[in-house]
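# Observations on chain architecture
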Amino acid sequence: VAERRTWLDKLRTGLRKTGSSITQVFTGTQIDDALYEDLEAALLMADAGVKATEFLLKDLKWRVKEAKATDPAAVKGLLADAITDLLAPLEKPLEIGEATPTVMMVVGVNGAGKTTSIGKLTRHLADGGQKVLLAAADTFRAAAREQLAVWADRADKPGAPAVAVEIVSQESGDPSSVSFDAVVAGKSRGCDVVIADTAGRLPTQLHLMEELKKIKRVIGKAQDGAPHEVLLVVDGNTGQNALQQVKAFDDALQLTGLIITKLDGTAKGGVLAAIARERPVPVYFVGVGEKLEDLQTFSAREFAQAVLS
Ligand code: GDP
């Protein structure tokens, strides 16, 4: 319970950084056009985007009418319900299926928090008794393998099953073959989960999406039905840009889930509403800090409460 509260506090602190806090909207005495205009501005400031903002306002007005609300405080409660209902379809826990290993491919632009999130995810899975193997398929960035190894080391705590790290030398160079080898190694070592870290930027004219599609195809050759998960890590602090990334990666790779990072330091949490409205890929986790334990499952109701508290 204590941990949960800390998470909400971090989220709340981040969301509050917005200049015009949404809660300010409800401090008046009347429900009038000014209230809805202020709310519209606050939602747009939080980067909910035009479509989700329009949707929420329309939905809220309907709820206010239905409930015959007369007091702004009641409107705030109804907005919490509207946000919860809008975001609820994004709530979905990451489930490890029957396949051994379950293969996850993790994608995202550099700096989004991909390596950190893989470290956190590895710890989460190891805590749940899963044996995890990491594949350093970002062969383009010199530091990527070392970074991954450091995270794996941290995730590997006494009592947890061993976390193996697949490190394939850069000379071999090809991210697809690194991923292929990792899936084969994962199978032979009896791992439950293989996580492939991929590049977020390429050094040459090579097209990132083409490279990632190729990795996905090759993973499928190493094991039927794989990858079972294609996860996109997006920086929640980048607002509407995060939505564009979700669309682009989903179009190319058919994402199965999202990890939205840095919600502890953002005023742009509204992007979740935009994602829910425009490209509802499930949010498996949200990142609320730089430590291993700062990866939390997403709850629409808790998020709505954090926004409005
Ligand atoms: P990558 O390039 O996508 O692999 O990004 P990294 O995992 O290296 O993360 C980039 C920076 O973001 C690092 O300084 C991380 O500590 C930081 N970071 C990652 N996730 C979070 C988060 O949820 N909250 C905060 N505050 N920082 C984060």
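Presented here is an overview of the structure given in this document. Residue numbering note: each chain is counted from 1, following its sequence as written. For this predicted model, a pLDDT threshold of at least 70 governs which residues receive local features, and a threshold of 80 or more governs which side-chain atom pairs are given and counted, while totals over whole chains, interfaces and linings are taken from all residues. For side-chain calculations, the full set of non-hydrogen atoms in the structure is used, while hydrogens and water are omitted.

## Thoughts on the environment of Ser299
A run of H or I in DSSP becomes a helix once it reaches four residues, and a run of E becomes a strand once it reaches two; helices and strands are each numbered from the N terminus. Relative to the helices and strands, Ser299 is located in the loop between β8 (295–297) and α11 (300–308). Accessibility here uses a 1.4 Å probe with only protein chains present; expressed as a share of the type maximum, an area under 20% marks a residue as buried, one over 50% as exposed, and anything in between as partly exposed. By relative accessible area, which is 13% here, Ser299 ends up buried. Each C-alpha atom of the pair Ser299 and Lys92 lies 8.8 Å from the other, and the pair is 207 residues apart in sequence. A distance of 3.1 Å separates the side chain of Ser299 from the backbone nitrogen of Glu302, its partner in a polar contact. In protein, a polar contact requires one atom able to donate a hydrogen and another able to accept it; more generally it is a pair of N or O atoms within 3.5 Å, and residues adjacent in sequence count only if both atoms are side-chain atoms.

## Thoughts on the side chain of Thr84
Structurally, the position occupied by Thr84 is in helix α4 (residues 72–87). In this analysis, two residues are considered to be in contact whenever any of their non-hydrogen atoms come within 4.5 Å of each other. Once you skip the residues sitting within four places of it in the chain, Thr84 turns out to touch Ala300, Arg301 and Ala304.

## Focus on the site of the ligand
Around the ligand, a shell composed of 18 residues is seen, among which Gly111, Lys114, Thr115, Thr116 and Glu290 lie nearest. A distance of 2.7 Å separates an oxygen atom of the ligand from a polar backbone atom of Gly111. Residue Gly289 places a main-chain N or O atom 3.2 Å away from a nitrogen atom belonging to the ligand. When isolated, the ligand has an accessible area of 580 Å², and the protein chains bury 79% of it. Note on definitions. A residue lies near a molecule or strand when any single heavy atom of the residue is within 4 Å of it. A 1.4 Å probe and the Shrake-Rupley method give the accessible areas. Residues count as covered only by the protein chains that appear here.

## Regarding the packing of helix α5 (residues 114–127) against helix α6 (residues 144–155)
Inter-axis angles, ranging from 0 to 180 degrees, are taken between N-to-C directions of lines fitted to C-alpha atoms, where helices are fitted over the stretch in contact. Across the interface, α5 lies against α6 with an axial gap of 9 Å and an inter-helix angle of 25 degrees. With respect to each other, α5 and α6 are oriented roughly parallel. For α5 against α6, the interelement crossing comes out right-handed. Contact residues: α5 offers Thr115, Thr116, Ile118, Gly119, Thr122 and Arg123, while α6 offers Gln147, Leu148, Trp151, Arg154 and Ala155. Note on angle classes: values under 35 degrees are labelled roughly parallel, values over 145 roughly antiparallel, values of 65 to 115 roughly perpendicular, and the remainder oblique. Here a crossing is taken to be left-handed if its near helix is turned anticlockwise relative to the far helix by less than a right angle, and right-handed if that turn runs clockwise.

## Overview of the environment of Gly186
Position of Gly186 among the secondary structure elements: in helix α7 (residues 175–188). Judged by relative accessible area, Gly186 falls into the buried class, the value being 0%. Between the C-alpha atoms of Gly186 and Lys131, which are 55 residues apart in sequence, the distance is 9.3 Å. Residue contacts for Gly186: discarding those within four places in its chain leaves Pro101, Leu133, Cys191 and Val194.

## Things to note about the pairing of strand β6 (residues 257–261)
For β6, the tally of buried residues reaches five of five residues, placing the bulk of the element in the interior. Neither face of β6 is left uncovered, since the one carrying Gly257, Ile259 and Thr261 and the one carrying Leu258 and Ile260 both have all their residues buried. DSSP-based pairing: two strands are paired if at least 2 bridges between them are found. Sheet topology note: the strand β5 (residues 229–235)/β6 ladder contains five bridges and is parallel. Counted as the bridge partner of Leu232 is Leu258 from β6. We call a crossover right-handed when, viewed with both strands directed away from the observer, the connection leading from the first strand over the helix to the second proceeds clockwise. Where the polypeptide runs from β5 across helix α9 (residues 240–253) and back to β6, its parallel neighbour, the crossover connection is right-handed. You can see the chain leave β6, run along helix α10 (residues 271–278) and come back into strand β7 (residues 283–287), and the turn it takes is right-handed.

## Digging into the pattern of salt bridges
A pairing counts as a salt bridge when a side-chain nitrogen of Lys or Arg comes within 4 Å of a carboxyl oxygen of Asp or Glu. As enumerated under the stated definition, the model contains eleven salt bridges in all. Across the salt bridge formed by Arg63 and Asp85, the nearest N and O atoms sit 2.9 Å from each other. With Arg63 in helix α3 (residues 49–67) and Asp85 in helix α4, this pair connects stretches of sequence that are 22 residues apart. Notably, a salt bridge pairs Lys213 with Glu210, separated by 3.4 Å at the nearest N-O pair. You can see Lys213 and its partner Glu210 sitting in helix α8 (residues 208–222), three residues apart, about one turn around the helix. The class of Lys213 is partly exposed, set by a relative accessible area of 29%. A relative accessible area of 45% means that Glu210 is categorised as partly exposed. Sharing partners across several salt bridges, the network here consists of Lys51, Lys247 and Glu278.

## A few points about unusual backbone geometry
Thr100 connects to Pro101 through a cis peptide bond whose omega is -5 degrees. You can see Pro101 is positioned in the loop between α4 and β1 (102–107). The step from Ala226 to Pro227 runs through a cis peptide bond, and the omega angle for that step is -5 degrees. With respect to the secondary-structure elements, Pro227 resides in the loop between α8 and β5. In this structure, Asp47 is a non-glycine residue whose phi angle is positive, near 70 degrees. Note on placement: Asp47 falls in the loop between α2 (33–45) and α3. In this structure, Lys262 takes a positive phi of about 65 degrees despite not being glycine. Structurally, Lys262 can be placed in the loop between β6 and α10.

## Some remarks on the pairing of strand β2 (residues 132–136)
Each regular strand carries side chains that alternate between the two faces of the sheet. Within β2, five of the five residues are buried, which leaves it mostly tucked inside the rest of the structure. The side-chain alternation of β2 yields two buried faces, one formed by Val132, Leu134 and Ala136 and the other by Leu133 and Ala135. By the bridge criterion, five bridges tie β2 to strand β4 (residues 193–197) in an arrangement that is parallel. Within β4, the position partnered with Val132 by the bridge is Val193.

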